[in-house]
Amino acid sequence: MTEITTLSQFLTTAKTQFQVYELGRRVQHIDMLAFHQIESLVTPYPYPIQGHAQFAIVFWNESQQHFIWFLKLPLDEQGLLSPAPRSQFIEMVLTALGQDPTQPLTDEQQDRLANNPFSFKPSQEKLAVFNALVRKQLGLSASIQYEFAVQYLSGQIAPSEWQHIGLQGLSDVCVRLGELDHEQQLLASFDNSAIEVQIALCQCLEHLHLTEALANKLYAKFVAAPPEYQAYYLRALASHTELSQQALAHLQQTERLEANELISIAGRNWTVLKQELSRSIYLEALARQPQAFFNQIFADIVAIPSLRNHLLGELRNPNRSVQLSQAIGGLFKATSK
C-alpha cells in the first residue's frame, strides 16, 4: 500500500468525500485547492492563531454517514503545517482501522479519535455558525431552531421572548441571508430586538460576508453603541474592510481603542491592518498597552501571512512614535532571550 502522508490522501483512499472549514479566527470554508497546497507545504496556513491551524474536516462515505474532525495542528516558524504531528494523527487513524483506510469508521472509533491530542472544541458561537454552513453547503435542512428564529426576527414573537431563541437558529438565518426575507428581517431586528439577540447576531455575522445594507446598519449601531457593546458590532463588520477601517478611526477619535477592541481587531478585523493608516493607528494604540500585551498581540498578527510583510516593515518605520519604538525594542528584548 502506498504510504499515506496527508489527510487528503487518507480521505481519498478511504473513498470518502470531504470539505474543510477554518475555525480559528473566522469560520469559513477553505477551498479544496488551497487545502491541498497547505497540506503539500507549498503555502502557509492563511489564518494561524497562537501558532496553530484550527480547522474542521467534514467527510462522508457512500452511505452518506457524516463525520467531523476538529483538528488543531502546530505550525512551524514559516507558518507551514508541521508534518510530524499530522503524520502522528494519520497513524492514529490507521491504527484504529487496522491499517486499512478503506474500512468504514464505526461510531466507537469516531468517539475514540475525537479525543485525540490534536482535537479541540470550538466555542458555542463558532460551532453554531459551522453547523449552519455545513448544513447549507451539503443541501441539508436547517436546524429545528430555525423556524422560531425566523418568527422572532420577523416580529411575529414579542422582543421580550428572546430567551427562547437559540443561537443555532440565528446562525441558520444568518447563513441563509440571501434567502426569503432574511436580510430585511435582520435589518429590522437591529432596531427592534432585545440587545441579547443583537449581540448573538453579531457573533454569527462576524464570520460571514455582509450585504452592503447590513454592513451600513451594523456600522451605525457600532457608532451609537455604549462602550460595553461596541466590540460586538465591530467584530460583526469583519468581512467589510472599509467600514472596519472607519470603525478603527472612530475608536481612535473617541479614545476607545483599548485592550478589548485591539483583541477584536486582531482576531476578526485583521484585514484593516493591510492599510497603512489603519496599521499605524492600531500599532500606536497597541504600544500604549503593557509590554507583555504588545508582545503577545504583535506575535499573533505578524504570523498571519497576508500581514507579515506589512508588519515587519513597521519595525523599520522611521516615522513611528517614541512610545511605539520603545514597545518594539521591548519586543526584540523579549524574543532574544
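As shown above, the structure is provided for reference.
Throughout what follows, the structure given in this document is the object of discussion.

Criteria and thresholds
- In every chain, residue numbers begin from 1 and rise along the written sequence.
- The model is predicted, so local features are restricted to residues of pLDDT at least 70 and side-chain atom pairs to those at 80 or more, both for listing and for counting; the totals for chains, interfaces and linings are taken over all residues.
- As a convention, hydrogens and water are excluded, and side-chain values are obtained from all of the structure's heavy atoms.
- DSSP-based pairing: two strands are paired if at least 2 bridges between them are found.
- Going along the chain from the N terminus, every DSSP run of H or I of four or more residues is numbered as a helix, and every run of E of two or more is numbered as a strand.
- Throughout this description, the term nonpolar core refers to a set of buried Ala, Val, Leu, Ile, Met, Phe, Trp, Tyr and Cys residues connected via side-chain atoms within 4.5 Å.
- Each residue is assigned to one of three classes by its accessible area relative to the maximum for its type, calculated with a 1.4 Å probe on protein chains only: buried under 20%, partly exposed between the two thresholds, exposed over 50%.
- Between two residues, a contact is recorded if the distance between any of their heavy atoms is within 4.5 Å.
- Our arc is simply the arc of the directions from the helix axis toward the C-beta atoms.
- Each salt bridge in this description consists of a side-chain nitrogen of Lys or Arg and a carboxyl oxygen of Asp or Glu lying within 4 Å of one another.
- Definitions used throughout: a 1 Å grid over protein atoms alone; a cavity as a set of points that fits a 1.4 Å probe which cannot get out; a pocket as an open set with protein on both sides within 12 Å along at least five of seven lines; a lining residue as one with an atom within 4 Å of a point.
- Grid points are joined across faces, edges and corners, and a volume is the space filled by probe spheres set on the points.
- Each residue gets one label: Ala, Val, Leu, Ile, Met, Phe, Trp, Tyr, Cys and Pro are nonpolar, Asp, Glu, Lys and Arg are charged, and the others, such as Gly, are polar.
- Only the contacting stretch of a helix is used when fitting its axis, a line to C-alpha atoms as for every element, and angles between N-to-C directions run 0 to 180 degrees.
- Note on terminology: angles under 35 degrees are roughly parallel, angles over 145 are roughly antiparallel, angles of 65 to 115 are roughly perpendicular, and the others are oblique.

### What about the pairing of strand β4 (residues 66-74)?
For step 1, the next point in the chain: With nine bridges joining them, strand β3 (residues 52-60) and β4 adopt antiparallel strand pairing. Bridging from a neighbouring strand, Ala56 pairs with Phe70 of β4.
For step 2, the next point in the chain: The antiparallel pairing of β3 with β4 creates a hairpin that spans five residues between the two strands, and Gln64 there sits at a positive phi of about 65 degrees.

### Here we look at the nonpolar core
For step 1, the next point in the chain: Ranked by size, the top nonpolar core spans 81 residues in total, and within it Phe130, Leu170, Leu214, Leu218, Tyr282 and Phe294 carry the most contacts.
For step 2, the next point in the chain: Excluding anything up to four places from it in sequence, Phe294 contacts Leu283, Leu286, Ala287, Leu324, Ala327, Ile328 and Leu331.
For step 3, the next point in the chain: Residues Phe35, Ile38, Tyr45 and Ile57 belong to the second largest nonpolar core, which totals 26 residues.

### Some thoughts on helix α16 (residues 305-314)
For step 1, the next point in the chain: For α16, the full list of buried residues reads Leu307, Leu311 and Glu314. For α16, the angular spread of buried residues about the axis comes to 40 degrees, placing them on one side.

### Quick look at the pattern of salt bridges
For step 1, the next point in the chain: As enumerated under the stated definition, the model contains seven salt bridges in all.
For step 2, the next point in the chain: We note a salt bridge from Glu39 to Arg86, for which the minimum N-O separation is 4.0 Å. Residue Glu39 is located in helix α2 (residues 32-39), and its partner Arg86 is located in helix α3 (residues 83-96); the two are separated by 47 residues in the primary sequence. Here the two residues Glu39 and Arg86 agree in accessibility, since each one is buried.

### Section: the layout of surface pockets
For step 1, the next point in the chain: Within this model, the largest pocket holds a volume of roughly 460 Å³.
For step 2, the next point in the chain: Here the lining of the largest pocket gets five residues from one element, more than from any other, and that element is helix α15 (residues 291-302).
For step 3, the next point in the chain: For the lining of the largest pocket, a count of residues per class yields seven nonpolar, eight polar and seven charged.
For step 4, the next point in the chain: In this structure, the second largest pocket encloses a volume near 330 Å³.
For step 5, the next point in the chain: If you go around the second largest pocket, you meet 13 residues; those closest to its centre are Asp76, Glu77, Gln78, Gly79 and Ala303.
For step 6, the next point in the chain: When residues of the lining of the second largest pocket are traced back to their parent elements, those giving at least two are α15 and α16.

### Notes on the packing of helix α8 (residues 182-192) against helix α9 (residues 195-205)
For step 1, the next point in the chain: Relative to each other, α8 and α9 sit at 140 degrees, their axes nearing to 10 Å. Considering their axes alone, α8 and α9 lie oblique with respect to each other. Contacts between α8 and α9 pair Leu186, Ser189 and Phe190 from the former with Gln198, Leu201, Cys202 and Leu205 from the latter.
For step 2, the next point in the chain: Residue composition of the contact of α8 with α9, grouped by class: five nonpolar, two polar and no charged.

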